[in-house]
Amino acid sequence: MTFIAFARRAWDWVRYGFKSLLKGLRPKGLRNRFVLIILLPIVFLQVILFSFFYNRHWDAVSRRLAQDIAGEIAAVIHIIDNVSMPPDELNAVLEQIGQEMQLDIAFVPARSDIGRRKQKRHYSSAHLYAEIRQMDYPTAMREVAGQQQLVTLQLDKGTLKVLVPRKRFFSSTVYAFLLWMVGSSFFLFGIAYLFMKNQVRSVARLARAMGRFGMGQTNFPFKPEGATEVRQAGMSFVQMRDRILRYLQERTAMLAGVSHDIRTPLARMKLELEMMPPGASVSDLQADVAEMEKMLAGYLEFARNEGRENMESVVLNTLLQDIIHKHRKMKKRVDLHEEQIVAVMARPNDLLRAITNILSNAGRYARRARVTLGIRNHMARIVVDDDGPGIPEHKRAEVFKAFYRLEESRNTATGGVGLGLTIARDIILSHGGTISLSDSPLGGLRVVMALPLKTRET
Ligand SMILES: Nc1ncnc2c1ncn2[C@@H]1O[C@H](COP(=O)(O)OP(=O)(O)OP(=O)(O)O)[C@@H](O)[C@H]1O
Ligand SMILES: [Mg+2]
């Protein structure tokens, strides 16, 4: 590998790591994203303001304060140099001046050792130190109790000691500013958060309502609310829901009506055939009529399908045990593997019909079946395996269509009407689940049904 290739690979890794880090840190929920959107600019603003504006302001104020003190000390030195007084009197005068200046000033008419020792200094006294150092005398400065600064200057006549209280060289307005800024930011954030919470709530409510409708619940209250766009989405959802419900009702009514209407002439035909003299064509016709009756029964069942039932908590273990018990009575070999107790929200009779349809297919097209119940990816999962001929991959989408059968003879002896899988898929989808076909390790067909688990919200 050349160096360039290596570098490129390394850069890719760095970029990938950074991207996934950002992705991991980015909050998932709308509310947390909003919090971030509000919070980030505020924090940036604070940092920028503080580092540019406050810092400079603070710097200027501190320097000015330090200059003032240095000027006052220079004036005191001037007095000491030019006035000849006995030391006691001089100190009395200096004390008085010091009171005016809020400084403690003392003069000792003797040289003292001003060491060049490095003193630990508070950052707030940096400007004062710089100003003191600029004087034309040997100087020293050190911190004494309460963050006061003791300035010592070696004059020609003796030693001058000045105790500078903190408030003379340190401006605390910056702290006040900072407090105000942070405080008001918190206040503003609080208000924004309250408003935002309401906005998010309407979106969350819409999402929940859509989720419930998707899972097949129809009778729950929902009122569009929130900002215009959210309300619009809510209203569109209500319209869509009504339209789908109306469409389903119409389909049910039409199928039931047609099936019912055809039944009467069919019954008449059956009667007339009975009265005809027996023959090959008559018995053919009779078989046809019988098949038509069976198809109509299927139609009616399909039409009946649209959930009149209410959703309730269903323990799949019990449901499956019941179904399999019935199948065993019909001398079918069915095993049940329960990995754990699984509960879903469902219309029990619909769900029973869906699973029964799948199992009766296995019973019809195979000799042995195995049912496995468990939880995968936060969904209840029912797997039905059989050892029959299976369904070739390119037909797996087709068999879900109404009246579709692999065997085209439409011979009722070898199969049903072709509605079993259609109905099963309808029911599973209306519960917010999925159904798929694949190859079974038993050699035949594997049907996998996934259903949303029962949660606290549903
Ligand atoms: N377990 C299976 N093994 C092999 N083929 C199957 C299996 N299940 C379904 N099929 C094929 O898929 C077709 C459609 O199945 P579907 O259950 O919808 O209808 P059906 O069983 O023919 O009639 P019915 O409406 O009585 O169930 C079947 O005709 C059959 O050819
Ligand atoms: Mg079937």
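Notes on the structure follow. (Residues numbered from 1 in each chain as written. Chains lettered and ligands numbered in written order. Predicted model: local features only at pLDDT ≥ 70, side-chain atom pairs only at ≥ 80, totals over all residues. Heavy atoms only, no water.)

**Topic: the sheet that holds strand 6 (residues 333–338)**
Pairing is mixed across the open sheet formed by five strands, whose spatial order is 6-8-9-11-10. Looking at the sheet topology across the chains shown, the edges are occupied by strand 6 and strand 10 (434–439). Each neighbouring strand pair of the sheet contributes to a mean axis angle of 15°, computed without reference to strand direction. Across the face of the sheet, helix 9 (residues 316–329) comes into contact with strand 6, strand 8 (368–376) and strand 9 (379–386) while running at roughly 165° to strand 6. (Pairing = 2+ DSSP bridges. Helix = DSSP H or I, 4+ residues; strand = E, 2+ residues; numbered from the N terminus. Axes fitted to C-alpha atoms, helices over the stretch in contact; angles between N-to-C directions. Contact = heavy atoms within 4.5 Å.)

**Thoughts on helix 10 (residues 348–365)**
The first and last C-alpha atoms of helix 10 sit 26 Å apart over 18 residues, in line with the 26 Å expected at 1.5 Å per residue. Taken as a whole, helix 10 has its buried residues at Pro348, Asp350, Leu351, Arg353, Ala354, Ile355, Asn357, Ile358, Leu359, Asn361, Ala362 and Gly363. (Expected span 1.5 Å × (residues − 1). Buried < 20%, exposed > 50% of the residue type's maximum accessible area, 1.4 Å probe, protein only.)

**Examining the site of ligand 1**
The environment of ligand 1 is made up of 17 residues, and the closest members are Asn361, Asp386, Gly418, Leu419 and Leu421. In this structure, a nitrogen atom belonging to ligand 1 sits 2.8 Å away from a side-chain N or O atom of Asp386. At a separation of 2.9 Å, an oxygen atom of ligand 1 approaches a polar backbone atom of Gly418. Protein chains shield 91% of the accessible area of ligand 1, which is 590 Å² for the free molecule. Taken together, the elements giving at least two residues each to the shell around ligand 1 come down to helix 10 and helix 11 (420–430). Considering every element that reaches the shell around ligand 1, the biggest residue donor is helix 10, with three residues. Considering only residue class, the shell around ligand 1 consists of nine nonpolar, five polar and three charged. (Near = heavy atom within 4 Å. Polar contact = N/O pair within 3.5 Å; in protein donor to acceptor, adjacent residues only side chain to side chain. Areas by Shrake-Rupley, 256 points an atom, 1.4 Å probe, with all protein chains shown as cover. Nonpolar A, V, L, I, M, F, W, Y, C, P; charged D, E, K, R; others polar.)

**Here we look at the sheet that holds strand 2 (residues 139–144)**
Taken in spatial order, the four strands line up as 1-4-3-2 in an open sheet, and their pairing is antiparallel. The open sheet terminates on both sides in strands that have one partner only, identified here as strand 1 (104–108) and strand 2. Across the sheet, the mean angle separating the axes of adjacent strands is 15° when strand polarity is ignored. Strand contacts of helix 4 (residues 126–133): strand 2, strand 3 (148–154) and strand 4 (159–164), with the helix running at about 155° to strand 2, the strand carrying the most contacts.

**Quick word on a positive patch on the surface**
A contiguous patch of positive charge on the surface is contributed by Lys19, Lys23, Arg26, Lys28 and Arg33. On the accessibility criterion, Lys28 (66% relative accessible area) is exposed. (Patch = residues over 30% accessible without salt bridge, like charges linked within 9 Å, V, L, I, M, F, W, Y side chains within 5 Å. Salt bridge = Lys/Arg side-chain N within 4 Å of Asp/Glu carboxyl O. Lys, Arg positive; Asp, Glu negative; His and termini not counted. Charge placed at Lys NZ, Arg CZ, Asp CG, Glu CD.)

**Here we look at the pairing of strand 1**
Side-chain alternation along strand 1 places Ile105 and Phe107 on a buried face and Asp104, Ala106 and Val108 on a face that remains uncovered. Where strand 1 meets strand 4, five bridges bridge the pair, whose relative direction is antiparallel. Looking at the pairing, Asp104 lines up with Leu163 of strand 4.

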